[in-house]
Amino acid sequence: MEELLSTFVRAIFVDNMVFAYYLGMCSYLAVSKNVSTALGLGIAVTFILVCTLPINYMLENYVLKEGALSWLGPQYSGVNLSFLSLLLFIAIIASFTQLVEMVVERFAPALYSSLGIFLPLIAVNCAILGGSLFMQQKDFAHAGQATVYGLGSGIGWLLAIVGMAAVREKLAYSDIPKPLRGLGITFILTGLMGIGFMCFSGLKI
Amino acid sequence: MGLSNKNKAILAGPLSKNNPIVVQMLGICSALAVTSKLEPAIVMAISVTVVMAFANVIISLLRNTIPNRIRIIVQLVVVAALVTIVGEVLKAFAYDVNKQLSVFVGLIITNCILMGRLEAFALANGPWASFLDGIGNGLGYGLILVIVGFVRELFGFGTLLGHQVVPEIFYKWGYVNNGLMILPPMALIIVAAVIWIHRSRNKDLQEK
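Caption draft 1: Local environment of the interface of chain A and chain B. With 38 residues of chain A at the contact, the number on the chain B side is 39 residues. Of the roughly 3,600 Å² buried between chain A and chain B on both sides combined, carbon and sulfur atoms contribute 82%. Across the contact surface, chain A and chain B share 0 salt bridges. Elements supplying a minimum of two residues to the side of chain A that touches chain B: α2 (17-21), α3 (25-31), α5 (85-107), α7 (126-138) and α9 (183-197) of chain A. For the side of chain A that touches chain B, the leading source of residues is α9 of chain A, giving 8 residues. Of the residues assigned to the side of chain A that touches chain B, the class counts are 27 nonpolar, 9 polar and 2 charged.

Structure representation (structure tokens):
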């Protein structure tokens, strides 16, 4: 239990997807113009992370890893399919994104139109494939831990994009040097928020 | 070999006016993460350029046969296959750099530059133009990576490509490497500085 809690808190604050690894920056920069859209996208990303991580964890440990196929019989124990992992992970992620897109279109048409192209592009949001690849590196003990890690990184991403959207809403009233307007100032703000988040890096749980 | 003017524009545009990172806002994630030193930045730039050129050519050849509804999946599969090849090559010939790049080689798949250029260019143009577009955008991306990597390694470690360039004597006089440069947030601030300089020279790119 403690282990799960620690994975969860670390994924939100210490290994924050945006501030520590810069994952999912493209949609983070493009959609963080107002809070409600940012919240919608954040929830969608969290949902997809929570769904895809355990599935990819199972794939990794029961199909792809060296020796993972030994449950089929001893003659398969030497098979190493890990070179296929990128292809399979991205296929799982793309199909889940399709699913979420259909659900959002049916139940929240306003959100659907405000997210526009960025909803299907969740499939290529680096934060999600990044989650699966980090999961592969971190060698989690069981699928539950992978799920918790997915939830934590999703919430971390949500926190980052909503925070940035809130700052940018206020930024509309400030006097920024012309060449820095828009993209430039957003980069600097993200950097400053990143420095703020670094104070969590000494956190021991 | 003479290139027509249009092709020259395709190749050279992404280096400045139409740069994928600072103007089109594509491929930012990896640009920031791999640039704490110059060497991984260069390797990353080369890998992305190669993947992009070939993905552009393949998609451009297939563009009339891919049904519109499933094009994203097809693009992902093509790119994922190419990235797998590049990843295996890196593991074989540049193992140390591959270790430093860690998950970011795999993340080339979700690098928005690839999807962005495939959608915006390769689906509407012939293979040769698409190849040039891929190379051009790869180089434009690489240019920013190299600038950021150069600044961060020079001030953060006092080295370039692993060789000491800041003379020993400076340290005796009290010069200290800037530890902040190595930390993730500085990459963002350096890119912001690049954007600032770039946009004050090209006034038409300024927002609002």
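Caption draft 2: Expanded view of the pattern of salt bridges. Residue and element names in this part refer to chain A. Within this structure, the stated rule accounts for 4 salt bridges over all chains. A salt bridge links Lys138 to Asp15, with the nearest nitrogen and oxygen atoms 3.3 Å apart. With a gap of 123 residues between them, Lys138 in helix α7 and Asp15 in the loop between α1 (2-14) and α2 connect regions that are remote in the sequence. Taking relative accessible area as the criterion, Asp15 reaches 13% and is therefore assigned buried.

Caption draft 3: The packing of helix α4 (residues 35-64) of chain A against α5 of chain A, seen in detail. Residues and elements named next belong to chain A. Where α4 contacts α5, the axes come no closer than 10 Å and their chain directions differ by 145°. Our pair here, α4 against α5, has a crossing hand that is right-handed. Residues Ala44, Phe47, Ile48, Cys51, Thr52, Ile55, Asn56, Leu59, Glu60 and Leu64 of α4 form the contact with α5, whose participating residues are Ser85, Leu88, Phe89, Ile92, Ile93, Phe96, Thr97 and Val100. Classifying every residue of the contact of α4 with α5 by side-chain character gives 13 nonpolar, 4 polar and 1 charged.

Caption draft 4: Quick peek at helix α4 (residues 71-93) of chain B. Its 23 residues place the ends of α4 of chain B 33 Å apart at the C-alpha level, agreeing with the 33 Å of an ideal helix rising 1.5 Å per residue. Taken together, the buried positions of α4 of chain B are occupied by Gln75, Leu76, Val78, Val79, Ala80, Leu82, Val83, Thr84, Val86, Gly87 and Leu90 of chain B. In the core, the buried residues of α4 of chain B are packed alongside α5 of chain A together with α3 (38-62), α5 (95-101) and α6 (112-122) of chain B.

Definitions and limits used
- Residues numbered from 1 in each chain as written.
- Chains lettered and ligands numbered in written order.
- Predicted model: local features only at pLDDT ≥ 70, side-chain atom pairs only at ≥ 80, totals over all residues.
- Heavy atoms only, no water.
- Contact = heavy atoms within 4.5 Å.
- Buried area = accessible area lost by both parts, 1.4 Å probe.
- Salt bridge = Lys/Arg side-chain N within 4 Å of Asp/Glu carboxyl O.
- Helix = DSSP H or I, 4+ residues; strand = E, 2+ residues; numbered from the N terminus.
- Nonpolar A, V, L, I, M, F, W, Y, C, P; charged D, E, K, R; others polar.
- Buried < 20%, exposed > 50% of the residue type's maximum accessible area, 1.4 Å probe, protein only.
- Axes fitted to C-alpha atoms, helices over the stretch in contact; angles between N-to-C directions.
- Left-handed = near helix turned anticlockwise from the far one by under 90°.
- Expected span 1.5 Å × (residues − 1).

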